Amino acid sequence: MGAAHFSSERFRRRVAAVFVFLGLISLSCAGRLPASRQKLEVQKHLKRLNKPALKTIKSPDGDIIDCVHISNQPAFDHPFLKDHKIQTRPGYHPEGLYDDNKVSTENKETVKPITQLWHMNGQCPEETIPIRRTKKDDVLRASSVKRYGKKKHRSIPQPRSADPDLINQSGHQHAIAYVEGDTYYGAKATINVWEPKIQQPNEFSLSQIWVLGGSFGEDLNSIEAGWQVSPDLYGDNNTRLFTYWTSDAYQATGCYNLLCSGFIQINSEIAMGASISPVSAFRDSQYDISILVWKDPKEGNWWMQFSNGYVLGYWPSFLFSYLADSASMIEWGGEIVNSESDGQHTTTQMGSGHFPEDGFGKSSYFRNIQIVDSSNNLKAPKGIGTFTEQSNCYDVQTGTNGDWGHYFYYGGPGRNANCL
């Protein structure tokens, strides 16, 4: 009985050892499988994003710009856009557009026109659109293939809710001006362009317009446009033009630029996500871009215009729930990510990296900020509020004058003696 018990015990141990061994083998295989699966996923994603080009342009900053036929762009991967007839121009522009070249006499000599770096090496033919080619490394820097080109959840500036827990949870900080309490059909601003320094590759600094609908819960609709420096997204520290959209608070829908189907581009001259050049310098020449986002009252789509008359394209209204009708809030301003990598506040700069009180040529600004009302008129915003989580790190100051209309200076250096 004892011998039988001993042998069966030994048998059980052997079986257990075999299972452990097989388990280790399967674990090591499992460790390898995701790597090959990830490689396949990345390749499939790159094939989906990088459409066949009719012409390719190498930008001086290392970007490759593909001139893709307008009907072959990523938007048309969307099942609802299979038979979509491209709108080649908006039904209506908003009434009362400012002259973008109008700046005060005092500052006229130091605010210059702006372009994109890739223009130095060529242009895309008509009936094509320029698309910044996505590289393998771009996708690999993302937390997953699925999250590539997407903002993190809860990165929207939420005025009147700046409790410390919210700041620490999201890691995003803002300095913004905003309006709410009405229905809005668009927004416009001329935005000073800088190249803020970023401390960590997983941080970014941006300056943008937010056109918002819905609540700040799971159903937030947002259309966003401006400039950003994002090493994680682009692999460098260049200042780049960008757009973003979401219809569910950054969860499953939407993306930056043309990194998913949604935005329909019609313009052959401006590339989303491409570098803006030149940028402003401290106490030197200042450069700015004008951005207008508005809802076409005829077709209902949301259009975007960049600087002097470059109508870039549109977001079809079916992408949204609340914004299918109108926006309930407009925000203008800066946003950074504070990862507190060394246990202290980041030194990532917002805007020029200087506080608002330093003024023109030193601080970054938004000027001629306007909203589009229900009659499709561009109007001065009423009841502008301001918001920042930590004004010792990044701040905002509004003003009004004849040439700049409603404007504000914003930004800051991040970590300093009063921001630790």
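Being a predicted model, the structure only gives us computed values, none of them experimental. (Residues numbered from 1 in each chain as written. Predicted model: local features only at pLDDT ≥ 70, side-chain atom pairs only at ≥ 80, totals over all residues. Heavy atoms only, no water.)

## Topic: the environment of Val229
Summarising the element assignment, Val229 is placed in strand S9 (residues 221-229). Placed 23 residues apart in sequence, Val229 and Leu206 show a C-alpha to C-alpha distance of 6.3 Å. Contacts of Val229, omitting those with residues within four sequence positions, involve Glu195, Pro196, Ile198, Phe204, Ser205, Asn237, Asn238 and Thr239. (Helix = DSSP H or I, 4+ residues; strand = E, 2+ residues; numbered from the N terminus. Contact = heavy atoms within 4.5 Å.)

## With respect to the packing of aromatic side chains
Under the counting rule described, the total for this entry stands at 19 aromatic pairs. Plain terms: the ring middles of Tyr365 and Trp404 are 4.5 Å apart, the flat faces sit at 40° to each other, and that makes the pair tilted. With Tyr365 in strand S18 (residues 364-372) and Trp404 in the loop between strand S21 (395-401) and strand S22 (405-411), this pair connects stretches of sequence that are 39 residues apart. Using a relative accessible area of 3% as the deciding quantity, one classes Trp404 as buried. Grouping aromatic residues by their ring pairs yields a cluster made of Phe360, Tyr365, Trp404, Tyr407 and Tyr409. (Phe/Tyr/Trp six-rings, centres within 6.5 Å; stacked < 30°, edge-to-face > 60°. Buried < 20%, exposed > 50% of the residue type's maximum accessible area, 1.4 Å probe, protein only.)

## Describing unusual backbone geometry
Peptide bonds are trans in most cases, and residues, glycine excluded, mostly fall at negative phi. Note that the residue after Ser277, namely Pro278, is joined by a cis bond; omega there is -5°. Along the chain, Pro278 falls in the loop between strand S13 (276-277) and strand S14 (286-295). Phi is positive for Asn368, close to 50°, though the residue is something other than glycine. Mapped onto the secondary structure, Asn368 falls in strand S18. A residue is classified by how much of its surface remains accessible, and Asn368, at 3% relative accessible area, is buried.

## Section: the nonpolar core
Core analysis: the largest hydrophobic core is formed by 92 residues, its most contacted members being Val211, Ile291, Trp315, Ile330 and Trp332. Setting aside residues up to four positions removed in sequence, Ile330 forms contacts with Ala177, Tyr178, Val179, Tyr184, Gly186, Ala187, Ile209, Trp210, Val211 and Ile371. One finds Ile65, Cys67, Cys124 and Ala271 within the second-largest nonpolar core, a separate group that totals 7 residues. (Core = buried A, V, L, I, M, F, W, Y, C linked by side-chain atoms within 4.5 Å.)

## Some details on the confidence of the model for the protein
The predicted model of the protein has a mean per-residue pLDDT of 88, with 85% of residues at 70 or higher. Every residue in residues 1-33 scores below 50 in pLDDT, and together they form 0 contacts with partners more than four places removed in sequence or on other chains. Here residues 99-106 is modelled with pLDDT under 50, and outside its nearest four sequence neighbours on either side it reaches 19 contacts, counting other chains as well. (pLDDT = per-residue confidence, 0-100.)

## A look at the environment of Glu389
Within the fold, Glu389 resides in the loop between strand S20 (385-388) and S21. Judged by its relative accessible area of 17%, Glu389 falls in the buried class. Polar side-chain contacts of Glu389 include one of 2.7 Å to the backbone nitrogen of His174. (Polar contact = N/O pair within 3.5 Å; in protein donor to acceptor, adjacent residues only side chain to side chain.)

## Quick word on the sheet that holds strand S5 (residues 128-132)
One open sheet accounts for 3 strands, arranged S1-S2-S5; its pairing is antiparallel. Only two strands of the sheet have a single partner each, and these edge strands are strand S1 (55-58) and S5. Each strand of the sheet is rotated relative to its neighbour by a mean of 25°, with strand direction disregarded. Here strand S2 (residues 64-69) pairs with S5 via 5 bridges, running antiparallel. In the sheet register, Val68 faces S5, and the bridge partner there is Ile129. (Pairing = 2+ DSSP bridges. Axes fitted to C-alpha atoms, helices over the stretch in contact; angles between N-to-C directions.)

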